[in-house]
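# Commentary on secondary and tertiary structure
Here's the letter readout for the chains.
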Amino acid sequence: MVVINGREFRTEPNSTRLITTPVAVTLAPNTIQAVDFANRYGGPATSLMIDNTDGAQAITYNVNGQFLTPLNLGASSFRTFDNMIISRVIIDSTGGPSTQPVQITAQVAGRSYEIGPREITQPESQV
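Cut-offs used in this document
- Residues numbered from 1 in each chain as written.
- Predicted model: local features only at pLDDT ≥ 70, side-chain atom pairs only at ≥ 80, totals over all residues.
- Heavy atoms only, no water.
- Buried < 20%, exposed > 50% of the residue type's maximum accessible area, 1.4 Å probe, protein only.
- Helix = DSSP H or I, 4+ residues; strand = E, 2+ residues; numbered from the N terminus.
- Pairing = 2+ DSSP bridges.
- Core = buried A, V, L, I, M, F, W, Y, C linked by side-chain atoms within 4.5 Å.
- Contact = heavy atoms within 4.5 Å.

### Things to note about the pairing of strand β9 (residues 88-92)
Alternating residues of β9 divide into V89 and I91, all buried, and R88, I90 and D92, none buried. With five bridges joining them, strand β4 (residues 32-36) and β9 adopt antiparallel strand pairing. When the sheet's bridge partners are listed, Q33 is paired in β9 with I91.

### Describing unusual backbone geometry
Backbone geometry places N30, a non-glycine residue, at a positive phi of 60 degrees. Inspection of the secondary structure puts N30 in the loop between β3 (18-27) and β4.

### Some thoughts on the nonpolar core
Counting 20 residues, the largest nonpolar core has F37, L48, I50, V89, I91 and I104 as its most contacted members. At the level of secondary structure, the elements contributing two or more residues to this core comprise β3, β5 (45-52), β6 (59-63), β8 (78-86), β9 and β10 (102-114). No other element matches β10, which puts four residues into this core. Look past the residues within four positions of L48 in its chain and what remains in contact with it is F37, V63, R79, T80, F81, I86, V89, I104, T105 and A106.

Here it is as structure tokens:
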């Protein structure tokens, strides 16, 4: 279990039993927007790609609020995150200002969608 942004997640990001759903979000240019995967899609993202489609202006981003200062993503660049539990991402494209949208592509894990048999672990004997 992990607590991120005040939410409790029991998802293992690299579980082979996890069913994920691809999600694509296009964010309008010259805005500050947050994509909250847990509220919007019912679960955390396990992988994420941020694609800055603007050929001239950089954007900034912050994943799960983990950076004190948001990170910079140059013009026509992308950044990927894999095997993580991503609750939300904040994108700021007002610095330039940007004239092209930012594309976010993610794999979102539902809260209770898993396949395969449940493996119940036995507690160790106290003998």
